[in-house]
Amino acid sequence: MGDFDGQVAVITGGARGIGAEIARKLSAGGAHVVCADVLDTDEIVAEIKAAGGSGEGRLVDVTDAAGAAEVVKAIHADHGRLDILVNNAGITRDQLLVRMKPEDWDLVLRINLDGVFKMTQPTAKIMMRQKSGRIVNIASVVGLMGNGGQTNYSASKAGLIGFTKSLARELGPRNVNVNAVAPGYIQTAMTDSLTDDQREALMKSVAIPRLGTPADVADAVGFLAGPASSYITGVVINVSGGLYM
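Keep in mind that what you see is a predicted model, and the values were worked out from it rather than measured.

Caption draft 1: The arrangement of the packing of helix α1 (residues 17-28) against helix α2 (residues 42-50) in detail. As a packed pair, α1 and α2 sit with axes 10 Å apart at the nearest point and diverge in direction by 20°. In terms of their interaxial angle, α1 and α2 are classed as roughly parallel. The crossing of α1 and α2 is right-handed. Of the residues in α2, those touching α1 at A20, A23, R24 and S27 are I44, E47 and I48.

Pasting the structure below:
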């Protein structure tokens, strides 16, 4: 039996990248995974089903409060429960503050922070009634340490960490755990384009001299969503290879 047998897990931004890897992880543990995204989720859902897992895609724009609430309500109506929410959807619009367009500030905060509120509020109500649930927020080490050219992204992730800790205090009495994972440099299409010199310079900033993988992040999410972390709430697990200590 898997850690998540019979459970329903919703992963925002689940169409690709880290979100898709989290969906694979939870599905392998027995969860029915709902990949919620503005992008087409057919590929990851088909992959999960081909591997013998259970999954579905849902179209959701996390910036739309009414739409997000409707999707959460529909998932609960269809399955009778909602056990895990992974708030993974997020974007970057990097630029030095003095050159940053106001719309790029607004968009990053709207998706990375406001979107978490809009997905979590209706989900939390369900979990409180169930008296069980796990919420895992995908933050970032830059929300803890800052990074030049990412004031908007850093602010959104620092806010998400504060949100995580406060919500953990609110929902703990109802047996709902709320935690965060803070990735560092993770292997993505963007890091694939780095030159050898850029990669070497990047490796000097981490204690473990390699890039992280989406699977590294998914493993941490799986732990926080699973039974082994039942007495852990309000924490941030850094998955950064020692970039931030």
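Caption draft 2: Broad picture of the side chain of N152. Looking at the secondary structure, you find N152 in helix α6 (residues 151-171). At 3.4 Å, the side chain of N152 and the backbone oxygen of D104 are in polar contact.

Caption draft 3: Molecular detail of the packing of helix α3 (residues 65-79) against helix α4 (residues 102-130). Running from amino to carboxyl end, α3 crosses α4 at an angle of 30°, the nearest separation of the two axes being 7 Å. Overall, the two elements α3 and α4 adopt an arrangement that is roughly parallel. In this structure, α3 meets α4 at a crossing whose hand is right-handed. Each of A65, A68, A69, V72 and H76 in α3 lies in contact with α4, whose residues at this interface are K118, M119, P122, T123, I126 and Q130.

Caption draft 4: Just the nonpolar core, in detail. Residues I22, L26, V33, V86, V181, V217 and V221 are the most contacted members of the largest nonpolar core, which totals 27 residues. Within the residue set of this core, elements represented by two or more residues are β1 (8-12), α1, β2 (32-37), α2, β4 (84-87), β5 (133-138) and α9 (214-225). Not counting residues within four places of it along the chain, the set of residues in contact with V181 comprises V136, N137, I138, A139, S140, V217, A220, V221, L224, I237 and V239. With 26 residues, the next largest nonpolar core counts V10, A36, A68 and L171 among its residues.

Caption draft 5: How the structure looks around the pattern of salt bridges. Applying the stated criterion across every chain yields a total of 7 salt bridges. Linking E47 and R24 is a salt bridge whose minimum nitrogen-to-oxygen distance equals 2.5 Å. With E47 in helix α2 and R24 in helix α1, this pair connects stretches of sequence that are 23 residues apart. Ionic contacts of the salt-bridge type, sharing partners, join the residues E21, R24 and E47 into one network.

Definitions and cut-offs
- Residues numbered from 1 in each chain as written.
- Predicted model: local features only at pLDDT ≥ 70, side-chain atom pairs only at ≥ 80, totals over all residues.
- Heavy atoms only, no water.
- Axes fitted to C-alpha atoms, helices over the stretch in contact; angles between N-to-C directions.
- Helix = DSSP H or I, 4+ residues; strand = E, 2+ residues; numbered from the N terminus.
- Parallel < 35°, antiparallel > 145°, perpendicular 65-115°, else oblique.
- Left-handed = near helix turned anticlockwise from the far one by under 90°.
- Contact = heavy atoms within 4.5 Å.
- Polar contact = N/O pair within 3.5 Å; in protein donor to acceptor, adjacent residues only side chain to side chain.
- Core = buried A, V, L, I, M, F, W, Y, C linked by side-chain atoms within 4.5 Å.
- Buried < 20%, exposed > 50% of the residue type's maximum accessible area, 1.4 Å probe, protein only.
- Salt bridge = Lys/Arg side-chain N within 4 Å of Asp/Glu carboxyl O.

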